[in-house]
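# A structural walkthrough
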Amino acid sequence: MDGLAATEAIRAWEQEQMAALLPIVALTASVFVEDIDKCYQSGVDDYVAKPFRKS
């Protein structure tokens, strides 16, 4: 199961249980708009592109 499938499963469980939404942030090496859109479509709240620099 990849991160997008895991996010979809978590969101489905949250709906079934009427649970509060867990914040989910994707960490991705892709900066393609299509890939970022897939993250949001799966239920991700935000994303961080790699390489990540704290500064």
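See the structure above.
Residues numbered from 1 in each chain as written. Predicted model: local features only at pLDDT ≥ 70, side-chain atom pairs only at ≥ 80, totals over all residues. Heavy atoms only, no water.

Broken down by element type, the protein chain carries 2 helices and 2 strands. Element order for the protein chain, N to C, with α for helix and β for strand: α-β-α-β. Surface summary for the protein chain: the accessible area is close to 4,400 Å², and the carbon and sulfur share equals 59%. In the protein chain, 5 side chains carry a positive charge and 9 a negative one; their mean positions are 12 Å apart. (Helix = DSSP H or I, 4+ residues; strand = E, 2+ residues; numbered from the N terminus. Areas by Shrake-Rupley, 256 points an atom, 1.4 Å probe, with all protein chains shown as cover. Lys, Arg positive; Asp, Glu negative; His and termini not counted. Charge placed at Lys NZ, Arg CZ, Asp CG, Glu CD.)

The next subject is the pairing of strand S2 (residues 46–49). Alignment of strand S1 (residues 25–28) against S2, held across 4 bridges, turns out to be parallel. Paired with Val25 across the bridge in S2 is Asp46. Following the backbone out of S1, through helix H2 (residues 33–42) and into the adjacent parallel S2, one traces a crossover that is right-handed. (Pairing = 2+ DSSP bridges. Right-handed = clockwise from strand over helix to strand, strands pointing away.)

Inspection of every chain in the model, using the stated rule, returns 1 aromatic pair. Aromatic pair Tyr40 and Tyr47: ring centres 6.2 Å apart, planes at 80°, arrangement edge-to-face. You can call Tyr40 partly exposed: its relative accessible area is 37%. (Phe/Tyr/Trp six-rings, centres within 6.5 Å; stacked < 30°, edge-to-face > 60°. Buried < 20%, exposed > 50% of the residue type's maximum accessible area, 1.4 Å probe, protein only.)

This paragraph deals with the environment of Ala9. In this structure, Ala9 sits in helix H1 (residues 3–17). Along the chain, Ala9 and Ser42 lie 33 residues apart, while their C-alpha atoms are 9.2 Å from each other.

Look at H1 against H2: their axes get within 8 Å of each other, and the N-to-C directions meet at 20°. Comparing the axis directions of H1 and H2 gives the class roughly parallel. When the axes of H1 and H2 are compared, the crossing they make is right-handed. Residues Leu4, Thr7, Glu8 and Arg11 of H1 lie in contact with H2, whose contacting residues are Lys38, Cys39 and Ser42. Of the residues in the contact of H1 with H2, the class split is 2 nonpolar, 2 polar and 3 charged. (Axes fitted to C-alpha atoms, helices over the stretch in contact; angles between N-to-C directions. Parallel < 35°, antiparallel > 145°, perpendicular 65-115°, else oblique. Left-handed = near helix turned anticlockwise from the far one by under 90°. Contact = heavy atoms within 4.5 Å. Nonpolar A, V, L, I, M, F, W, Y, C, P; charged D, E, K, R; others polar.)

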